[in-house]
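Take a look at the letters that make up each chain.
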Amino acid sequence: MFRDREDAALQLAERLEKYKNQNVVVLAIPKGGLPLGAIIAKTLNAPLDVALSKKIGHPYNKEYAIGAVSLEDVILSNEHGVESNYIVKETQRIREKLRKKFEAYHKNKISIPLKDKTVIIVDDGVATGNTIKVTAQLVQHQNPRKTIVAIPVAPHGAVQNLQDSKYIDEVICLLIPRNFHAVGQFYSEFDQVSEEEAIILLEQTNGTVNP
């Protein structure tokens, strides 16, 4: 069990100590990953950014992902039988939402370049690993030197899913429980993180580190 996200972040930061003052970018999955990302970024003296991407759902089952979209890229994985017109429209619709999120998080600032950086993708836990897996694939398009996933808790299948990705070089997971139902069950305190809180964390963190 973790006391809260701060406790989990401090434990992860210990495992990542060797990357302090290196050419690192911490990339948090919003919104729950921001409290962890902020602490890890401060500990490593690294800049913090957010990973903005969203899955493209199948036209007849929105929960079934046929790909993913970021502001720069599109990945298609299970698009067989889906009309290209649908994919184009969904990509445009999702990008518009992501653009608004980007503006909220960055306030006219550009995102941090990832080329030749060690990128540490952080979340407060994962159930399947698919979101981080897609994020890592999108990150790879920017040619990072190394991509690391750092998470407090995940079931064995999710960890294996991440380790099997050719876009992830290292997976650090503190707790791999046998009986996993939800991320929140492994935290004593697991309050929702609002968009406003996440944005403040991003701004405050990048105002205090010296990359």
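Everything here concerns the structure above.
Remember, it's a predicted structure, so these values are computed and weren't measured experimentally. (Residues numbered from 1 in each chain as written. Predicted model: local features only at pLDDT ≥ 70, side-chain atom pairs only at ≥ 80, totals over all residues. Heavy atoms only, no water.)

(A) Summary view of the pairing of strand β8 (residues 170–175). As paired strands, strand β7 (residues 146–153) and β8 are joined by five bridges and run parallel to one another. For Ile-148, the partnering residue across the bridge sits in β8 and is Glu-170. Once the chain exits β7 it traverses helix α5 (residues 156–163) before rejoining the sheet at β8, and the crossover so formed is right-handed. (Pairing = 2+ DSSP bridges. Helix = DSSP H or I, 4+ residues; strand = E, 2+ residues; numbered from the N terminus. Right-handed = clockwise from strand over helix to strand, strands pointing away.)

(B) Representation of the packing of helix α3 (residues 84–106) against helix α6 (residues 195–206) in the model. Closest axis-to-axis distance for the α3/α6 pair is 9 Å, and the angle between their directions is 50°. Considered as vectors, α3 and α6 are oriented oblique to each other. Counting all contacts with α3, which are made through Lys-101, Ala-104 and Tyr-105, the residues of α6 involved are Glu-195, Ala-198, Ile-199 and Leu-202. Residue classes in the contact of α3 with α6 are distributed as five nonpolar, no polar and two charged. (Axes fitted to C-alpha atoms, helices over the stretch in contact; angles between N-to-C directions. Parallel < 35°, antiparallel > 145°, perpendicular 65-115°, else oblique. Contact = heavy atoms within 4.5 Å. Nonpolar A, V, L, I, M, F, W, Y, C, P; charged D, E, K, R; others polar.)

(C) Quick look at the nonpolar core. Leu-16, Val-26, Ile-40, Leu-48 and Ile-120 are the most contacted members of the largest nonpolar core, which has 45 residues in total. For this core, the element with the highest residue contribution is helix α2 (residues 33–44), accounting for seven residues. In this structure Ile-40 touches Ala-9, Leu-12, Ala-13, Leu-16, Val-26 and Val-122, once residues within four positions along its chain are discounted. Ranked by size, the runner-up nonpolar core spans 21 residues in total, among them Val-119, Ile-151, Leu-162 and Cys-173. (Core = buried A, V, L, I, M, F, W, Y, C linked by side-chain atoms within 4.5 Å. Buried < 20%, exposed > 50% of the residue type's maximum accessible area, 1.4 Å probe, protein only.)

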